[in-house]
Amino acid sequence: MIKITRLMLRDVLKKYKSHKVIDHVSLKIEDSGIWALVGPNGVGKTTLLNCICNIIPINSGKIELLGESNKNFKVFEKISYLQDNTILFNYLTGYDHLKYVCDSHRLPKRRIQEVVEYVGMENYLHKKVGTYSLGMKQHLLVAISIVNRPKLLFMDEPLNGLDPSSSILMRKILFDLVEQGTTVILSSHNLAEIDRVTNQIIFIKDGKLIEIDRNEYTETRYVFKLSNQVLANKLLLDSGYTIQQEKDAIIVTIGEEDLNDCIQIIQNNGVTILDLQKEVTGSEKLYTKFFGK
Amino acid sequence: MKLFLFESKKIIKNKTTWVLLMLSILAVIGIYLINLSLANSVQKKVTNHNDFLIDLYQQDQVDWEIKKKEAQRTKDEEVLEEATFMEEHARSTHEHYLMMKEAYQNEDWKKIFQHELKQLKLFAYPPPEEPADAYFENQEITNFTLRASYEEVKYMLENDIQPFMQNITTNMYLPTIYDSFSGRTLALWQEETKRYGREGIYYLYQLIQSFYIPIMILVGCFIFGNTFSSDTKKNNHIRFYQVLPLHRTKLFFTKYVTGYLGLLLFVLIMLGVPIAVGTMMHGFGDLKYPILVYDGYTTEYMNRNIVEDTFHFIPLQKYLAQTLVLAIVMSLLIYTMYFLVSQFIKEPIFNMIIVGILTFVGTLISHPYNPFSYLDIDKVITHEIQLQTWNTDFTLSTGIVITLLLSFVFKILNYIRFMYKSI
């Protein structure tokens, strides 16, 4: 079976006057999954996404989406780009937007209803976008971007302005999309959210892209609240675990596979576990490594 | 088609469209009310003048009656004869003005026209043996104007046409380009001959003579010509389309056509509003109303000849049809120019000012191949522009062709800019 490259950048250059925002960058993504584009403000994340989607022209290089040039407007039949909410028309309703996008993709009307229910925006679908909150606008943008069941989805700061329930919904949508075989490339500042959705990170720095597999940098820690913290501390140290003592808890740095053994040691010695929390760190550490504090 | 419907929906659902449309309609209604009050004041002035003359000749009649009785008493035959004649003259004049007042109040135009014809014929076509010159405030009224005035009244009498409201305390003169008044007399002449359209199509005709259509086209551009600039101004609406399976050419033409159709509809509405408001207040008017068209020069040196130069009348219906055609073509030119400017400047108000200035400057350069020379639609249709510029190449068909050609060039420039410039 021939595998179509989802995204291919070859020696892409984008500069404003003499400033190279994207400096001869190459990138190839062939599989479905989520990739996070990370970098500080103004580093060129949105510019890169805009270049990829041919919204702004590049100075040199080549960009292919699903095996076709990004200049071919037909690629957007299978590709979506979730942009910021300034693209929305305040005097139109969410329905107006979705109806037109559906028409452009030659999709049946019922697809609007499906997406609306999926995103949970039934209550305000027929209200004018001007009356929407930030989160509601984000929901509409998500609905617009998934209505055509994209094979490749770009998302510019999709987690901005979302309340906790919306964040949960967004994560669900992302995982559903990946399950359906979509490749998602999202830019975000929210490192904690990135940690929850992907291990595949692309840092953008000085116009260059650095692709990282966060698995290599991931650190899993478990925070134990115990009935006898002093005894547990001694037991774990004697067993060779790396621990960190907090005021009310002990933090043990171990992999998932060692958790059961650790719990056994504690419980077999008569210490009760009052509470247990998992903490995964990685992006933040990596971010600090690349961009400093 | 779906993109066109979406673009139309954007225009329709935008509050600004409706606010500006309502303001434009209110402005036209407001101008009509001012016009109506001026027309009423002219009407009042004419009635007062008639009243004054009625009183004057009544008093004259009484005075001569007293003199006549005195002459009968003193048996002064000479005075008696004069007093009898003068009393009779005063009585008949008094009755004439009573009749004129009644006719004017009842808008019995036939009687007024008949009276005017008698007066005007003496000067318009005087017998060769009795040459007669007409004067206004000691300055001569040209024979061309007198002939045009006479023929106009005759046309209206023959076709039973209701005239515009005009000060007829002197005569129902029709001002023409052949007039050569100066100083205070010119101002008085303009005031005396100013016509006020109270009826629907008459009011529209009056507006057309005052650059109404170019102004409305500019306002229409301001409302409907921003299909592109509004999407690239503060917001990035254009990016909404850029990530859809939509060719840029299709996007360009849909935006261009949607805006133009919106503008065209606006111009048609704004042509309909004066007709509607006038009709509601004073009736529709007469489509056969005569519009003076100059036939041009009779001399090969293109000098105006006030005696030999000829003219003819076209019915208002034909004038309005020609106006409509020119308005459609002109709106295409100004809209295309506005659209081009809006691709560089995103603020509609600046675009309107720039296009307004360019259009105005364009009108200053009179040339048959300058489409802006045809913006004064009234002068084009009546051929006044030919007489003003000593150039008979200014014709309606030339204007249409030249305007369409320049519109096409602007459209191509628009397309190139849209396709090859980064948004």
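Conventions adopted
- Numbers given for residues are sequential positions, taken from 1 along each chain in its written order.
- For naming, the first written chain is A and the first written ligand is 1, with later ones following in the order written.
- Local features in this predicted model are restricted to residues of pLDDT 70 or higher, and side-chain atom pairs are both shown and tallied only at a pLDDT of 80 or more, whereas totals for entire chains, interfaces and linings draw on every residue.
- Excluded from the side-chain calculation are hydrogens and water; included are all heavy atoms of the structure.
- UniProt positions are given in the numbering used here, feature names are shortened, and annotations may be inferred rather than shown by experiment.
- Helix numbers and strand numbers start at the N terminus; a helix is a DSSP run of H or I with at least 4 residues, a strand a run of E with at least 2.
- We compute the radius of gyration over the C-alpha atoms and compare it with the globule rule, which gives 2.2 Å times the number of residues raised to the power 0.38.
- The buried label applies to any residue whose accessible area, calculated with a 1.4 Å probe on protein chains only, is under 20% of its type's maximum; exposed applies above 50%, and partly exposed to all values in between.
- Every residue pair with non-hydrogen atoms within 4.5 Å of one another is taken to be in contact.
- His residues and chain termini do not enter the charge count, which takes Lys and Arg as positive and Asp and Glu as negative.
- To locate a charge, take NZ of a lysine, CZ of an arginine, CG of an aspartate or CD of a glutamate.
- Delimitation of the domains relies on an automatic or database domain assignment.
- In short, buried area is how much 1.4 Å probe accessible area vanishes from two parts on joining, totalled over both.
- At least two DSSP bridges between two strands are needed for those strands to be called paired.
- To define axes, lines are fitted to C-alpha atoms, for helices over the stretch in contact only, and angles between the resulting N-to-C directions are given on a 0 to 180 degree scale.
- A pair is scored as a salt bridge if a Lys or Arg side-chain nitrogen falls within 4 Å of a carboxyl oxygen belonging to Asp or Glu.
- By the convention adopted, Pro, Cys, Tyr, Trp, Phe, Met, Ile, Leu, Val and Ala count as nonpolar, Lys, Arg, Asp and Glu as charged, and the other residues, Gly among them, as polar.
- Small angles under 35 degrees read as roughly parallel and large ones over 145 as roughly antiparallel, with 65 to 115 read as roughly perpendicular and the rest as oblique.
- A clockwise turn of the near helix away from the far one marks a right-handed crossing, whereas an anticlockwise turn of less than a right angle marks a left-handed crossing.
- Working definition: a ring pair exists when centres of Phe, Tyr or Trp rings (six-membered ring for Trp) sit within 6.5 Å. Plane angles under 30 degrees give stacked, over 60 give edge-to-face, the rest tilted.
- Charge-over-ring contacts are defined here by two conditions on Lys NZ or Arg CZ: a distance within 6 Å of the ring centre and an angle within 35 degrees of the ring normal.
- Counting of polar contacts relies on pairs of N or O atoms within 3.5 Å, with two restrictions inside protein: one atom must be capable of donating a hydrogen and the other of accepting it, and residues adjacent in sequence are counted only when both atoms are side-chain atoms.
- By definition, no residue in a patch forms a salt bridge, and every one has over 30% relative accessible area; like charges are joined within 9 Å, nonpolar side chains (Val, Leu, Ile, Met, Phe, Trp, Tyr) within 5 Å.
- All accessibility values rest on the Shrake-Rupley procedure with a 1.4 Å probe; residue burial counts only the protein chains present in the view.
- Only a pair of cysteine sulfur atoms within 2.5 Å qualifies as a disulfide here.
- Working rule for helices: expected span equals 1.5 Å times residues minus one.

Under the annotation held in an unreviewed UniProt entry, chain B carries the name ABC-2 type transporter transmembrane domain-containing protein and is attributed to Cerasibacillus quisquiliarum. Looking at chain B in UniProt, the text filed under Subcellular location (unreviewed entry) is "Membrane".

Per an unreviewed UniProt entry, the recorded name for chain A is ABC transporter ATP-binding protein, and the organism is Cerasibacillus quisquiliarum. For the record of chain A, the UniProt heading Sequence similarities (unreviewed entry) holds the text "Belongs to the ABC transporter superfamily."

A. Here's a closer look at the overall build of chain B. Helices and strands together make up the secondary structure of chain B, namely 16 helices and six strands. At 28 Å, chain B has a C-alpha radius of gyration far larger than the 22 Å of a compact globule built from 423 residues. Principal axes of the C-alpha set define a box for chain B whose edges measure 110 × 50 × 35 Å. Looking at chain B as a whole, 50% of its 423 residues are labelled buried. Expressed as a percentage of contacts within chain B between residues at least 6 apart in sequence, the contacts between residues at least 24 apart total 77%. Of the charged side chains in chain B, 38 are positive and 43 negative; the average position of the first set lies 21 Å away from that of the second.

B. Up close: the UniProt feature "transmembrane region" (unreviewed entry) in chain B. All names here are of chain B. The feature "transmembrane region" (unreviewed entry), as annotated in UniProt, sits at residues 18–38, 211–229, 257–277, 319–341, 348–369 and 394–413 in this numbering. Taken end to end, residues 18–38 comprises 100% helix and 0% strand; its first and last C-alpha atoms sit 30 Å apart. Split by type, residues 319–341 is 100% helix and 0% strand. Its first and last C-alpha atoms lie 32 Å apart.

C. Region of the structure containing the domain arrangement of chain B. All names here are of chain B. With domains assigned, chain B is organised as domain 1 (107–196) and domain 2 (200–420). Put simply, the middle of domain 1 and the middle of domain 2, counted by C-alpha atoms, are 33 Å apart. Counting residues at the interface gives 22 residues for domain 1, matched by 23 residues for domain 2. Both faces combined, the contact of domain 1 with domain 2 buries some 2,000 Å², and carbon together with sulfur accounts for 66% of it.

D. Local environment of the sheet that holds strand E7 (residues 152–156) of chain A. Residues and elements named next belong to chain A. Strand order across the open sheet formed by six strands is E6-E7-E8-E3-E9-E10, with mixed pairing between neighbours. In the strand order of this sheet, the two ends are held by strand E6 (79–82) and strand E10 (208–213), each with one partner. Strand-to-strand twist in this sheet, taken as the mean axis angle between neighbours without regard to direction, amounts to 20°. In the sheet, E7 pairs with strand E8 (residues 183–187) via five bridges, with the strands oriented parallel. By the bridge assignment, Asp156 is partnered in E8 with Ser187. Of the strands in this sheet, E6 and E7 touch helix H4 (residues 134–146), which is tilted by about 170° from E6. Together, strand E3 (33–38), E7 and E8 form the strand contacts of helix H5 (residues 164–179), whose direction differs from that of E3 by roughly 125°.

E. Seen up close, the domain arrangement of chain A. Residues and elements named next belong to chain A. For chain A, the assigned domains read domain 1 (7–214) and domain 2 (219–291). Taken over C-alpha atoms, the centre of domain 1 sits 37 Å from the centre of domain 2. Together, Leu191, Phe203 and Arg214 form the three largest contributors to the area buried by domain 1 at its contact with domain 2, with a combined 47%. Across the domain 1-domain 2 interface, the total number found is zero salt bridges. When contributions to the side of domain 1 that touches domain 2 are tallied by element, the ones reaching two or more residues are helix H6 (191–197), strand E9 (200–205) and E10. Examining the composition of the side of domain 1 that touches domain 2, we find that four residues originate from one element, E9, more than from any other. Considered class by class, the residues forming the side of domain 1 that touches domain 2 number nine nonpolar, one polar and three charged.

F. Here's a closer look at the packing of helix H2 (residues 15–74) of chain B against helix H3 (residues 77–105) of chain B. Residue and element names in this part refer to chain B. Two elements in contact, H2 and H3, have axes whose closest approach is 8 Å; the angle formed by their N-to-C orientations is 160°. Compared by their axis directions, H2 and H3 come out roughly antiparallel. Of the two elements, H2 crosses H3, and the hand of that crossing is left-handed.

G. Geometry of the UniProt feature "domain: ABC transporter" (unreviewed entry) in chain A. Taken from the UniProt record, the annotation "domain: ABC transporter" (unreviewed entry) applies to residues 7–231 of chain A. The span residues 7–231 of chain A is 30% helical and 31% strand by assignment, and the distance between its end C-alpha atoms comes to 54 Å.

H. Looking closely at unusual backbone geometry. Even without a glycine there, the phi angle at Lys17(A) is positive, about 55°. Residue position: Lys17(A) is located in the loop between strand E1 (7–16) and strand E2 (19–29). Here Glu107(B), not a glycine, exhibits a phi torsion of approximately 50°, which is positive. Tracing the backbone through its elements, the reader meets Glu107(B) in the loop between H3 and helix H4 (109–124).

I. Region of the structure containing the packing of aromatic side chains. Residue and element names in this part refer to chain B. Per the stated rule, a full pass over the model turns up 44 aromatic pairs over all chains. Residues Phe181 and Trp189 carry aromatic rings whose centres are separated by 4.6 Å and whose planes lie at 35° to one another, so their mutual orientation is tilted. Neither residue differs from the other here; Phe181 and Trp189 are each classed as buried. With a centroid separation of 5.7 Å and 50° between ring planes, the pair formed by Tyr260 and Tyr335 is classed as tilted. With Tyr260 in helix H11 (residues 248–282) and Tyr335 in helix H12 (residues 316–342), this pair connects stretches of sequence that are 75 residues apart. Judged by relative accessible area, which is 0%, Tyr335 ranks as buried. Taken together, the ring pairs connect Phe252, Phe253, Tyr256, Tyr260, Tyr335, Phe339, Tyr415 and Phe418 into an aromatic cluster. Taking NZ or CZ as reference, Arg417 lies 4.2 Å from the ring centre of Phe344, over its face.

J. Region of the structure containing the interface of chain A and chain B. Contacts between the two partners involve 26 residues from chain A and, on the opposite side, 21 residues from chain B. Between chain A and chain B, a total of about 2,400 Å² is buried, with carbon and sulfur atoms accounting for 66% of that surface. When the area that chain A buries against chain B is broken down by residue, the three leading residues are Phe89(A), Tyr91(A) and Tyr100(A), summing to 29%. Our count for the contact surface shared by chain A and chain B stands at two salt bridges. Where Lys9(B) meets Asp96(A), a salt bridge forms, and the shortest distance between an N and an O atom there is 3.1 Å. At the junction of chain A with chain B, the criterion picks out six residue pairs in polar contact (both at pLDDT 80 or more). With six residues, the single largest contributor to the side of chain A that touches chain B is helix H2 (residues 94–104) of chain A. Taken together, the residues of the side of chain A that touches chain B sort by class into 15 nonpolar, seven polar and four charged.

K. Structural context of a nonpolar patch on the surface. A surface patch of nonpolar side chains, amounting to about 930 Å² of accessible area, comprises Ile349(B), Phe350(B), Ile353(B), Ile354(B), Ile357(B), Leu358(B), Phe360(B), Val361(B), Leu364(B) and Ile365(B). Counting through the fold element by element, Ile354(B) comes out in helix H13 (residues 348–364).

L. Inspection of the state of the cysteines at higher detail. Residues and elements named next belong to chain A. A complete count under the given rule lists zero disulfides over all chains for this structure. Cys51 takes part in no disulfide bond, and the closest cysteine sulfur, belonging to Cys53, lies 9.7 Å away. Cys51 sits in the buried class, given a relative accessible area of 1%.

M. View of H12(B). The end-to-end C-alpha separation of H12(B) is 37 Å, in line with the 39 Å expected for 27 residues at 1.5 Å each. When you tally the buried positions in H12(B), you get 21 out of 27 residues, the bulk of the element.

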